[in-house]
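One letter stands for each residue in the lines below.
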Amino acid sequence: RMGYLTDDTGDHISEENRNYCECTALYWIWKNTFGQDYVGLCQYRRRFKLEKSDIQFMKEQNIDVVAVLPQFNHCTNKEFFSKYGFKHDWQYWKEAVISYDASYEYVIDQYELMHFFIPCNMAIFKRVWFDRYCEFAFTVALMIDRKYKEALVISREDRYMGYLFENLLSVFLI
């Protein structure tokens, strides 16, 4: 790890990696970097193929967000997401998002019937949109995490928050 910048320095949640996965890096970027025109997240085995000219084009065209292509599923988003957790997880997620901002209720009602979402937690945002997204996503995630920790019987270390963030990114972009 010599010579690498890691997400266990500064303001971080790296101890939550088993549950938050790549989103511990997202949190680190949000809390420990400042002033960039664009900021985002790729992963150790998933990357954007961008040239300097692509970034220049994004600036010239005033592009707010670049995300990966949506993933299509044969079942609805609600059914797909529920396969990876307990049935009440979707309800926790929905309640937390609406509690954060009630105007998301309509978006979620539509989103849970859709057959596609933005996978991999990968996007490049204008810094202002990145900060807004992280404020939204980590506030909602904290509400859900707190609910699990209060239940005491439920211990999550199964990438649950990683899946949840894929849904949060999709809903935020919609």
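Residues numbered from 1 in each chain as written. Predicted model: local features only at pLDDT ≥ 70, side-chain atom pairs only at ≥ 80, totals over all residues. Heavy atoms only, no water.

Draft legend 1. Region of the structure containing the pairing of strand S5 (residues 123-126). Across four bridges, strand S1 (residues 38-41) lies against S5 in antiparallel orientation. Among the inter-strand pairings, Tyr-38 is bridged to a residue of S5, identified as Lys-126. As paired strands, strand S2 (residues 65-67) and S5 are joined by three bridges and run antiparallel to one another. In the strand pairing of S5, Ala-67 is matched with Ala-123. (Pairing = 2+ DSSP bridges. Helix = DSSP H or I, 4+ residues; strand = E, 2+ residues; numbered from the N terminus.)

Draft legend 2. Representation of the side chain of Ser-170 within the structure. Structurally, Ser-170 is set in helix H8 (residues 160-173). What makes Ser-170 buried here is its relative accessible area of 3%. A distance of 2.8 Å separates a polar side-chain atom of Ser-170 from the backbone nitrogen of Ile-118. (Buried < 20%, exposed > 50% of the residue type's maximum accessible area, 1.4 Å probe, protein only. Polar contact = N/O pair within 3.5 Å; in protein donor to acceptor, adjacent residues only side chain to side chain.)

Draft legend 3. Seen up close, the environment of Ile-13. Along the chain, Ile-13 turns up in the segment before helix H1 (17-20). Sequence spacing of Ile-13 and Val-66 is 53 residues, and the spatial spacing of their C-alpha atoms is 25 Å. In contact with Ile-13, not counting residues within four places along its chain, are Tyr-20, Cys-23, Thr-24, Tyr-27 and Phe-138. (Contact = heavy atoms within 4.5 Å.)

Draft legend 4. Structural context of the pattern of salt bridges. Here the structure, examined in full by the defined rule, presents six salt bridges. The closest approach of N and O atoms between Lys-126 and Asp-64, which form a salt bridge, is 3.5 Å. In this pair, Lys-126 is assigned in strand S5 and Asp-64 in the loop between helix H3 (52-60) and S2, connecting sequence segments 62 residues apart. With a relative accessible area of 18%, Lys-126 lands in the buried category. Of the charged contacts in the structure, one is a salt bridge between Glu-95 and Lys-147, with a shortest N-O distance of 3.9 Å. Linking Glu-95 in helix H5 (residues 88-100) with Lys-147 in helix H7 (residues 127-151), this pair joins segments that are 52 residues apart in sequence. Sharing partners across several salt bridges, the network here consists of Lys-94, Asp-109 and Glu-112. (Salt bridge = Lys/Arg side-chain N within 4 Å of Asp/Glu carboxyl O.)

Draft legend 5. Here's a closer look at the nonpolar core. Of all hydrophobic cores here, the largest spans 47 residues; its most connected members are Trp-93, Tyr-133, Phe-165 and Leu-168. Among the elements of the structure, helix H2 (23-32), S1, helix H4 (77-82), H5, helix H6 (104-111), S5, H7 and H8 are those that each provide at least two residues to this core. Among the elements that line this core, the one with the most residues is H7, at ten residues. Ignoring sequence-local partners within four residues, the contact set of Tyr-133 consists of Leu-26, Phe-125, Phe-165, Leu-168, Leu-169 and Phe-172. (Core = buried A, V, L, I, M, F, W, Y, C linked by side-chain atoms within 4.5 Å.)

Draft legend 6. Quick look at the sheet that holds S5. Strand order across the open sheet formed by three strands is S1-S5-S2, with antiparallel pairing between neighbours. The open sheet has two edge strands, S1 and S2, and neither has a second partner. Taken pair by pair, the neighbouring strands of this sheet meet at an average axis angle of 15 degrees, ignoring direction. H8 rests against S2 and S5 of the sheet, and its axis sits at about 45 degrees to S5. (Axes fitted to C-alpha atoms, helices over the stretch in contact; angles between N-to-C directions.)

Draft legend 7. Structural detail: the packing of H2 against H7. Following both chains from N to C, one finds H2 and H7 inclined at 125 degrees, their axes separated by 10 Å at the closest point. Taken together, H2 and H7 sit at an angle that is classed as oblique. In the packing of H2 onto H7, the handedness of the crossing is left-handed. Residues Cys-23, Leu-26, Tyr-27, Ile-29 and Trp-30 of H2 form the contact with H7, whose own contacting residues are Arg-127, Phe-130, Asp-131, Tyr-133, Cys-134, Glu-135 and Phe-138. Among the residues making up the contact of H2 with H7, the classes are represented as nine nonpolar, no polar and three charged. (Parallel < 35°, antiparallel > 145°, perpendicular 65-115°, else oblique. Left-handed = near helix turned anticlockwise from the far one by under 90°. Nonpolar A, V, L, I, M, F, W, Y, C, P; charged D, E, K, R; others polar.)

Draft legend 8. Main features of the side chain of Thr-76. Checked against the element boundaries, Thr-76 lands in the loop between strand S3 (71-72) and H4. For Thr-76, a relative accessible area of 15% gives the class buried. Setting aside residues no more than four positions away along its own chain, Thr-76 makes contact with Glu-112, Leu-113, Met-114 and His-115.

None of this, on its own, says anything about what the molecule does.
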